[in-house]
Amino acid sequence: MKKIVALFILFLLPAWGANPGFSLDAFAEKAEKSAADVGKELNWSSIRSKEELYLEYIVNKNKKDPQRLFYCANQIVRNKEDLLPDLIKALVLIENEDRFAGAALPLLYTRDRRLVEPLKTIVEDKNKNMKIRGLAAAILATYSKNEGYAKEKWKIAKQAIYTGEFNRLDKTEIQTLLDYVDELKFRDDIGVDMYLWIKPGIFNFVQPEESADAVKDKQENKEGLLKDLKSDKKEKREVALYLMLKLPFPGRSKLFEETAKTDADSEIRKTAKLFLKLLERVKQEKNPGKK
């Protein structure tokens, strides 16, 4: 099978170690080891910055090693923000999956809004294959600011990824792609943004303020949720956690915290932790002056 880094990223191929999940930091560490090799390939200049030379390296179609491209793009992202528009222009022109994955991944380290429209252009470009567009959509999702914006991106991504070329994938590839996108919501750095993207409408569903008045007429619902939260069935506990987002009774956050620490199922623990962060995000955005 052809070794494609983009496939690894999207389909969680465990090619880089025992852990089947993709670790951006681990990939970055490997890429750092490419620095010396990249240095040997640059045409050093006294009038051009290192980052300008790294950009030239990325533009060169003959440079195909994903880790070296990652290293170059990462140096630009970290040290030369004014070159980011030029970096994204270079990415728009890349057609090779390996090259695109290597050079695009460092964009996950930045929230520069200048990159949003070019990323959308890549997602919407029907001449690019599903893997490039899928990765662009995943990166774009990290820029989510509100429910409306997230919903728009979800619509774009579904049109680009989950039809046409997507339907030509085999069932295993489809499931692993869905699993990858779903798992993104548990990441510490972009999890809440991804969840807003994956679940259009969740922003308005969540009620952040804990209030006794809000549950006066819903006491029965509250008692049912608390009972289900102690159920032996994982599905019931999952549903209870989700419905608790809309029922802001006093002590709810504490229950999320306890569940995140003590539940027997790791996914339930991760979900409770995610929901705590989601509550905080919604609270901040719905009540910007409150702490």
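Keep in mind the model is a prediction, meaning the values are calculated, not measured.

Student: How would you explain the overall build of the chain if you had to name every residue and give the values?
Tutor: On a plain count of helices and strands, the chain comes out with 17 helices and zero strands. Residues counted as buried form 46% of the 291 residues belonging to the chain. At a minimum sequence separation of 6, the contacts of the chain that also span at least 24 residues come to 68%. Only carbon and sulfur atoms are counted for the fraction: they give 49% of the accessible area of the chain, which is about 15,200 Å².

Student: Can you tell me about the packing of aromatic side chains, naming the residues and giving the values?
Tutor: Overall, the coordinates contain four aromatic pairs when judged by the stated rule. Measuring from centroid to centroid gives 4.9 Å for phenylalanine 205 and tyrosine 242, while their planes differ by 15°, and the two rings are stacked. Placement of the pair is phenylalanine 205 in helix H13 (residues 202-205) and tyrosine 242 in helix H15 (residues 234-244), with a sequence separation of 37 residues. Phenylalanine 205 sits in the buried class, given a relative accessible area of 17%. Judged by relative accessible area, tyrosine 242 falls into the partly exposed class, the value being 25%. With a centroid separation of 6.1 Å and 85° between ring planes, the pair formed by phenylalanine 256 and phenylalanine 275 is classed as edge-to-face.

Student: For the nonpolar core, give the residues involved together with the corresponding values.
Tutor: If you look at the biggest cluster of nonpolar residues, it comprises 49 residues, and the most contacted ones within it are Ile58, Ile76, Leu87, Leu91, Phe100, Leu107 and Leu119. Elements supplying a minimum of two residues to this core: helix H2 (24-32), helix H4 (50-59), helix H5 (66-79), helix H6 (84-93), helix H7 (97-104), helix H8 (116-124), helix H9 (130-141) and helix H12 (191-198). Broken down by element, this core gets its largest block of residues, eight residues, from H9. Residues Leu245, Leu247, Phe249 and Val282 belong to the second largest nonpolar core, which totals 25 residues.

Student: Tell me about a negative patch on the surface, and please be specific about residues and values.
Tutor: A cluster of like negative charges, contributed by Glu52, Glu81, Asp82 and Asp86, occupies part of the molecular surface. Relative to the helices and strands, aspartate 86 resides in helix H6.

Student: Talk me through the confidence of the model for the chain; I want residue IDs and the actual numbers.
Tutor: The predicted coordinates should not be examined in detail at positions where pLDDT is low. In the predicted model, the chain carries a mean pLDDT of 79, and the fraction of residues at 70 or more is 78%. By mean pLDDT, the top-scoring element of the chain is helix H16 (residues 252-262) (95), and the lowest-scoring one is helix H1 (residues 5-11) (34). Here residues 1-21 scores under 50 on pLDDT; set against residues more than four positions off or in separate chains, the count is 43 contacts.

Student: Requested: an account of the environment of aspartate 182, with residues and values cited.
Tutor: Among the structural elements, aspartate 182 can be located in helix H11 (residues 171-183). Given the relative accessible area of 31%, aspartate 182 is considered partly exposed. Between the C-alpha atoms of aspartate 182 and isoleucine 198, which are 16 residues apart in sequence, the distance is 7.5 Å.

Student: So, the pattern of salt bridges: which residues are in play, and what are the values?
Tutor: Inspection of every chain in the model, using the stated rule, returns twelve salt bridges. Where glutamate 41 meets arginine 68, a salt bridge forms, and the shortest distance between an N and an O atom there is 2.4 Å. Within this pair, whereas glutamate 41 is found in helix H3 (residues 35-41), its partner arginine 68 is found in helix H5, the two being separated by 27 residues in sequence. A relative accessible area of 27% means that glutamate 41 is categorised as partly exposed. Among the ionic contacts, a cluster of salt bridges with common partners joins Asp37, Glu41, Lys63 and Arg68.

Student: With reference to specific residues and values, describe H9.
Tutor: With twelve residues, H9 extends 16 Å from end C-alpha to end C-alpha; this agrees with the ideal 16 Å at 1.5 Å per step. In terms of burial, H9 is largely enclosed, as twelve of its twelve residues are buried. For H9, every residue scored as buried is listed here: Met130, Lys131, Ile132, Arg133, Gly134, Leu135, Ala136, Ala137, Ala138, Ile139, Leu140 and Ala141.

Student: An account of H15 is requested, with residue identities and associated values reported.
Tutor: For H15, every residue scored as buried is listed here: Arg237, Ala240, Leu241 and Met244. Across the axial projection of H15, the buried residues extend over an arc of 100°, all falling on one side. Each element contacted by the buried residues of H15 is listed here: helix H14 (219-229), H16 and helix H17 (266-286).

Student: I'd like a rundown of the packing of H7 against H9, residues and numbers included.
Tutor: Geometrically, a packed helix pair is captured by the angle between its two axes and the distance between the axes. Where H7 contacts H9, the two axes come as close as 10 Å, and the packing angle between them is 10°. Relative to H9, the element H7 lies roughly parallel. Here H7 contributes Glu97, Phe100, Ala101 and Ala104 to the contact with H9, which in turn contributes Lys131, Ile132, Leu135, Ala136 and Ile139. When its residues are assigned to classes, the contact of H7 with H9 shows seven nonpolar, no polar and two charged.

Parameters and conventions
- Residues numbered from 1 in each chain as written.
- Predicted model: local features only at pLDDT ≥ 70, side-chain atom pairs only at ≥ 80, totals over all residues.
- Heavy atoms only, no water.
- Helix = DSSP H or I, 4+ residues; strand = E, 2+ residues; numbered from the N terminus.
- Buried < 20%, exposed > 50% of the residue type's maximum accessible area, 1.4 Å probe, protein only.
- Contact = heavy atoms within 4.5 Å.
- Areas by Shrake-Rupley, 256 points an atom, 1.4 Å probe, with all protein chains shown as cover.
- Phe/Tyr/Trp six-rings, centres within 6.5 Å; stacked < 30°, edge-to-face > 60°.
- Core = buried A, V, L, I, M, F, W, Y, C linked by side-chain atoms within 4.5 Å.
- Patch = residues over 30% accessible without salt bridge, like charges linked within 9 Å, V, L, I, M, F, W, Y side chains within 5 Å.
- Salt bridge = Lys/Arg side-chain N within 4 Å of Asp/Glu carboxyl O.
- Lys, Arg positive; Asp, Glu negative; His and termini not counted.
- Charge placed at Lys NZ, Arg CZ, Asp CG, Glu CD.
- pLDDT = per-residue confidence, 0-100.
- Expected span 1.5 Å × (residues − 1).
- Arc of directions from axis to C-beta.
- Axes fitted to C-alpha atoms, helices over the stretch in contact; angles between N-to-C directions.
- Parallel < 35°, antiparallel > 145°, perpendicular 65-115°, else oblique.
- Nonpolar A, V, L, I, M, F, W, Y, C, P; charged D, E, K, R; others polar.

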